[in-house]
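Architecture at a glance
Read off the chains here:
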Amino acid sequence: MSIVMSLARHVSRFAAVAFVLISANAAQAIEIQRVVSPQGIEAWLVEDDTVPLIALSFSFLGGSTQDPVGKPGVANLLSGMLDEGAGELDSKTFQAELDEYSVELSFSAGLDSFVGSLTTLTDNRAQAVRLLQLALTKPRFDEEPIERMRAQFIAGIKQNEQDPDTLAGDALTEALFAGHLYSRPVEGTPETLAAITADDLRSFHANTFARDHLKIAVVGAIDAKALGAMLDEAFGGLPAKSKLVDVPEVKPVLTGSTDISMSIPQTIINFAGNGLKRDDPDFVPASVASLILGGGGMTSRLYEEIREKRGLAYSVGIGLRAYDHSGLVVGGTRTRADQADAVTDLIRSEVARFAKDGATEDELAKAKSYLLGSYALRFTTSNAIAAQLLSIQMDNLGIDYINRRNGLIAAVTLDDVKRVAKRLFDGELLFVRVGQPGS
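The sections below set out a description of the structure shown in this document. (Residues numbered from 1 in each chain as written. Predicted model: local features only at pLDDT ≥ 70, side-chain atom pairs only at ≥ 80, totals over all residues. Heavy atoms only, no water.)

A short note on the overall build of the protein chain
Threshold: Only DSSP runs of H or I covering at least 4 residues are called helices, and only runs of E covering at least 2 are called strands; the numbering of each starts at the N terminus. Computation of the radius of gyration draws on C-alpha atoms alone. For the globule rule, the value is 2.2 Å times the number of residues to the power 0.38. To sort residues, take the accessible area from a 1.4 Å probe on protein chains only and compare it with the maximum for the residue type: under 20% means buried, over 50% means exposed, and anything in between is partly exposed. Two residues form a contact once any of their heavy atoms are found within 4.5 Å.
The number of helices and strands found in the protein chain is 16 helices and 11 strands. Here the protein chain has a C-alpha radius of gyration of 23 Å; the compact-globule value for 439 residues is 22 Å, and the two agree. Here the protein chain, with 439 residues, has 52% of them falling under the buried criterion. Excluding contacts between residues fewer than 6 apart, the proportion of contacts in the protein chain whose partners are at least 24 apart in sequence is 83%.

Here's what the structure looks like:
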């Protein structure tokens with residue numbers, strides 16, 4: 001790559017980070033347009049000419065839950081393959097064009113969805129859209145990049161097998177969703193990755209990449225008419241309908257606990273309980289309640305009891321995790337091995353006390369103030385705004401959610417918090433601990 005090309009690449013990256021569309025105090029002033037292309041492809045657009053950049057985020061319904069039986073890791077491997085050659089361009093040529101035109105293109109697979117993003121200078125929009133269109137509609141899946149990415153992913157998995165946090169998180173997920181599609185590792189295993197073929201990748205791509213569940217958010221220097229043409233060029237060649245495997249609803253299994261022996265300085269404690277899906281009417285009050293109990297850093301109940309009063313851990317947190325087919329309350333901390341039992345018991349007792357008594361007026365006021373004040377910080381750059389708009393679409397919250405969100409939080413009462421505290425926390429918690437046995 002030439003010095004000029006390298007410089008352009010770095011300028012593009014810097015500009016993408018520095019592209020601040022709004023001040024933190026003006027988040028709710030974002031104007032979102034609903035754009036529908038000539039072919040009927042919909043996107044949400046925040047138009048701004050401050051910097052000549054375009055940030056695009058998009059998602060397809062169906063992540064690792066769509067992996068074939070016995071082969072977890074297909075979606076994840078596919079996420080590493082889509083910029084490794086497409087159409088007439090082999091891997092090296094495709095990567096060279098990304099560099100030449102300073103295009104940032106990335107993909108990732110989760111449990112329920114497959115997400116992508118593109119950032120480009122407006123002058124290079126045509127080239128960027130062409131590369132995106134090829135990646136989405138004509139991926140090559142050549143043998144050399146498949147084997148290279150397979151080896152890279154397997155190496156990452158083996159490295160994570162020695163990481164206590166990954167070990168704890170995976171064990172918790174497997175226990176919570178035993179027998180369900182959610183229990184399978186998104187990354188796959190060395191054995192399943194070794195068995196994945198190019199046909200597996202093609203089949204996943206053909207079944208999942210379609211327009212019926214496509215969500216798109218665009219931020220930057222482009223108007224609605226130009227965006228309509230861009231949407232058709234990039235996404236118009238996709239099939240109209242996906243062919244997704246049905247994913248059943250699932251309630252987490254909250255019986256028992258798991259201790260994994262590992263020689264590390266501190267014991268990692270992860271725990272989970274019943275949560276809510278994002279469309280539950282109690283989700284906003286539950287967000288406030290979980291913040292009071294264990295979020296927001298140094299102001300939560302758990303932090304005060306475990307860190308401030310007893311010095312048993314440096315930090316402790318709890319929060320909501322919403323999936324398409326289930327919901328969790330998840331939390332974690334770490335402490336000395338000889339204190340692990342005490343910390344576990346204290347978490348149980350504080351969660352039960354909160355379920356019984358709810359919150360105080362002061363706790364409610366502080367939690368609402370934090371949630372109201374911090375929301376704007378999610379909207380500081382073009383890529384951040386696009387990601388937030390995509391998330392709102394994926395959660396089916398409506399194009400006006402940014403303007404409604406703070407009002408929903410402000411309306412939460414003590415009675416709301418007490419109701420959801422009992423609903424969420426008056427039950428079992430599942431614990432997974434990784435570390436040396438306590439003495």
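Right, picking up where we left off after that structure.
Details of helix α5 (residues 143-160)
At 3.6 residues per turn, the α-helix brings residues three or four places apart onto the same side. As a reminder of what qualifies: In this scheme, a helix's expected span is set at 1.5 Å multiplied by one less than its residue total. The arc in question is the one traced by the directions running from the helix axis out to the C-beta atoms.
Across its 18 residues, α5 extends 26 Å between first and last C-alpha, which sits within 8% of the 26 Å expected from 1.5 Å per residue. Inspection of α5 places Pro145, Ile146, Met149, Arg150, Phe153, Ile154 and Ile157 among the buried residues, and these make up the whole buried set. Buried positions in α5, seen along its axis, are confined to an arc of 160° and lie on one side of it. Those residues of α5 that are buried lie in contact with α2 (74-79), α3 (91-100), α7 (190-195) and α8 (198-208).

As for the sheet that holds strand β3 (residues 53-61)
Convention followed: Pairing between two strands requires that DSSP report at least two bridges joining them. Each axis is a line fitted through C-alpha atoms, taken for helices only over the stretch in contact, and angles between the N-to-C directions span 0 to 180 degrees.
As summarised here, the arrangement of the six strands in space is β1-β2-β6-β3-β5-β4, forming an open sheet in which the pairing is mixed. Strands with a single pairing partner mark the edges of an open sheet, and in this sheet they are β1 (33-36) and β4 (104-109). Recorded for the sheet is a direction-independent mean angle of 20° between the axes of neighbouring strands. Examined bridge by bridge, β3 and strand β5 (residues 113-121) share nine bridges and lie antiparallel to one another. Looking at β5, one finds that isoleucine 54 is bridged to threonine 120.

Here we look at helix α6 (residues 164-176)
Between its terminal C-alpha atoms α6 stretches 18 Å, which fits the 18 Å expected from 13 residues at 1.5 Å a residue. Buried within α6 are the following residues: Pro164, Ala168, Ala171, Leu172 and Leu176. For α6, the buried positions fall inside an angular range of 125° around the axis, keeping them on one side. Where α6 is buried, its residues meet β7 (257-261), β8 (267-274), β10 (327-335) and β11 (430-435).

Thoughts on the pattern of salt bridges
Worth spelling out the cut-off: By convention in these notes, a salt bridge is any Lys or Arg side-chain nitrogen within 4 Å of a carboxyl oxygen on Asp or Glu.
If you walk through the whole model with that rule in mind, you get 27 salt bridges. Taking the shortest distance from any N to any O, the salt bridge between lysine 422 and aspartate 426 comes out at 3.0 Å. Each of Asp280, Asp282, Asp416, Arg419 and Arg423 takes part in a single network of salt bridges with overlapping partners.

Observations concerning the sheet that holds β11
The strand order across the open sheet formed by five strands is β7-β11-β8-β10-β9, and the pairing between neighbours is mixed. This sheet does not close on itself; its edge strands, each paired only once, are β7 and β9 (316-322). Each strand axis lies, on average, 15° off the axis of its neighbour in the sheet, ignoring direction. Where β8 meets β10, eight bridges bridge the pair, whose relative direction is antiparallel. Looking at the pairing, asparagine 270 lines up with glycine 332 of β10.

Details of the pairing of β5
Bridge count between β4 and β5: six bridges; the pairing is antiparallel. Across the sheet, residue serine 108 finds its bridge partner in β5, namely valine 115. Here β4 hands over to β5 after three residues, the two strands then running antiparallel side by side.

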